[in-house]
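Coordinates in review
Residues per chain, in single letters:
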Amino acid sequence: RGPPTSRSVSTCGARRPTWLAATRRSTWSPRSSRPRCVHGSPRAAWTYFACAAALAVVHATGVAGFVLYPILTAAACVAGVIGVRRCRPTQRWPWLAIVAAGVLWTVTSLVRDATGATGNLTDSRSLLPDVFAVPGYLLFGIALIVMARSRSIREERGIVIDALLVAVGSAAMVFATVIQPTLALEGTWFPARLAVAIYPAMSTWMLIAVVQMTLTRSSGSSGHWLLLGGVAALTIGDAVYALGEIAVLEMPLNLIDLPYLLVAVCISAAALHPGVHHQPIISPLEACGFRPMRLFAVALAIVAPVVVLGANSSLQGDLVPVVLLAVTAALAVARIAFAAKAEKNARDELFQRATHDQLTGLPSRELLLEHATALLRNPSDLPVALMFLDLDEFKLVNDSLGHAAGDMLLMQVGERIADTVRADDVVGRIGGDEFVVVTVGLDVDGARALGDRIRRAMRAPFELPGGEVFISTSIGITLAEPGSSAPEMMQEAATAMYHS
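In short, a report on the structure. Computed from a predicted structure; not experimentally measured. (Residues numbered from 1 in each chain as written. Predicted model: local features only at pLDDT ≥ 70, side-chain atom pairs only at ≥ 80, totals over all residues. Heavy atoms only, no water.)

According to the stated counting rule, one finds four aromatic pairs in the structure shown. Each ring, one from W46 and one from F49, has its centre 5.6 Å from the other, and the planes form 85 degrees; the classification is edge-to-face. Placement of both W46 and F49 in helix α1 (residues 42-61) is noted, with a separation of three residues, approximately one turn of the helix. When the ring of W105 is compared with that of F140, the centres are 5.5 Å apart and the planes differ by 70 degrees; the resulting orientation is edge-to-face. Taken together, the residues span a long stretch of sequence, with W105 in helix α3 (residues 93-115) and F140 in helix α4 (residues 128-149) at a distance of 35 residues. An aromatic cluster is defined as three or more aromatic residues linked by ring pairs; in this entry it consists of W105, Y137, F140 and Y199. The ring of F462 has R416 lying over it, and the distance from NZ or CZ to the ring centre is 3.7 Å. (Phe/Tyr/Trp six-rings, centres within 6.5 Å; stacked < 30°, edge-to-face > 60°. Helix = DSSP H or I, 4+ residues; strand = E, 2+ residues; numbered from the N terminus. Lys NZ or Arg CZ within 6 Å of the ring centre and 35° of its normal.)

Right under this line is the structure:
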C-alpha cells in the first residue's frame, strides 16, 4: 500500500520469480520442397506482342497477301508452349488446352478456305470448318473458367457480379447488332445462319472468366490485360465476321482476319507473361472496391444495352432483349446491395482494428478509456476501479522460446483474465505484456480481492509449444473519486503497479 493519502492500492503477495519448467525441444523437419521457379519475363512477353501485332497489322493491309496468317497462328502456338514450359504455371493443362484450341482454329481457317464456306449461307455451305472450330471454343472457354476458379480470392462475390454484368451487357449488344439480324435473315439456310451466330454468343460469355481474372490480378501485373484483350478481340472478330457473312459489312478479308490474329497474339503473349500465372490473394476491400476502369466497365455494361436495345425498333416484342435487360437490372441491384454490405463490413473491420488489440482481440487503450469515461460520467456507476497488470519478466519467454510462443502466451493470459473477472468487467490489452481491467461497484477490499483472484489464476501453468511456462503478474489498482478522469486513473494504476 502506498502513502495514506494515496488513492492507489498495490497487490503483490509473495514475489515469485518467472521460470520455465521445460527445456527446449529439439525439432526436425523434412527437407521442404523448393518453390517453382518462374523464368518468364514481362519484357519478353510485351516485346513479342509488339512484333507480332505489327505483323498482324501488315497482314491487314494486304501487302503481304495471306502468307502471314498461318505464320502468325503457328508462331502463337509455339509461343504458348514456350510460355508454359518457362513460366511453369501451377495448372498446366488449361494453357495446353488453349494451345490445342489455337491449333483447331488454325485448321478451321484452312478448311474454311478450302471449302469456300465464307460468305455462303445456302444449303451448299460446308459445316466441316465448324466441326473443328466449336471444339476449339469449348476448350478455350473451359480453360478460362478453370483458371478463373483456381485463383485464391476472398470475398469474390462482387467480382463475379461485375464479370456477369460485363458479360450480360456485351451479350445484349451482340444479340441486338449481330445475332438477331443473322437469325432473322430470310432466304438462307438456317444451319448456316446458326453456324454464323453461335460464335459471337460463345465468345461473349467467355468474358465472365477473363474479366474475373483481370479484376483479381496482382498489383503491378499487366499480363491479364493481354487475356482480356484476346477475348475481346475474339468477340469483336466473331461479330465482324458474322456481319460480313450476312453482307451487312463490306470489308476485305485481310481486315476481317485482324481481330482473329490479335486473339492469337494476345493469348500467346499472355502465356509468356509470368504475372498471368501468379495467383494473388486479395482483401475484401479490394474485392468490393471500384477502380476507375472497373467502374467505367460496369457503368458501360449497364447503360449500353439499354441504349442499343432501345434504339433497335426491330426488337420490340422480342423476349430475349427483355430477359437480358431484366438480368442486367437484377445484377445491378445485387451489385449495389453487395457494395453496401461490403462497405459496412469494411467499416466494422476498420473499427475493430482501431479499437481492439489485433493479437488478443481485447479492447485497446482508446476503447478502455472511453468505457471508463462513460462510467465516470454516471454517478450511479461509482465506485469505478481500474487495474493495471504487467507480466513479470515476460521478456524471458520471448528470449528463450521465441516471439511466437510469447504471442501465444499473451493470448492465453488475456483469455484467463477474462474468465476470472466478473461478466460486467472489461478486460483490455494496451500493449506489450500490459493488461487493464475496468470494474464498477467494487470498493477497496473488493478490488483487492479481485486482484488476488487474478494473481492466483495466473499461477497455473501455460501450455506452449516449448513446454509448460509458469509466470506471475504485478497488479496496481486505483479507485475513482469525484472529479477523476480515465487517463489519470490509468496513470495512477500504472504507478501502483510499478510500486508493486
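This part covers the environment of V107. Tracing the sequence through the fold places V107 in helix α3. Residue classification places V107 among the partly exposed positions, given a relative accessible area of 28%. (Buried < 20%, exposed > 50% of the residue type's maximum accessible area, 1.4 Å probe, protein only.)

So, on to the nonpolar core. Core analysis: the biggest nonpolar cluster contains 53 residues, and W95, F140, L144, V211 and L227 have the highest contact counts within it. Ranked by the residues each element gives to this core, the list is headed by helix α9 (residues 253-272), at 10 residues. Among the nonpolar cores identified, the runner-up in size contains 28 residues, and A385, V437, A447 and I471 belong to it. (Core = buried A, V, L, I, M, F, W, Y, C linked by side-chain atoms within 4.5 Å.)

Fair warning: the whole summary comes from geometry, so function is off the table for now.
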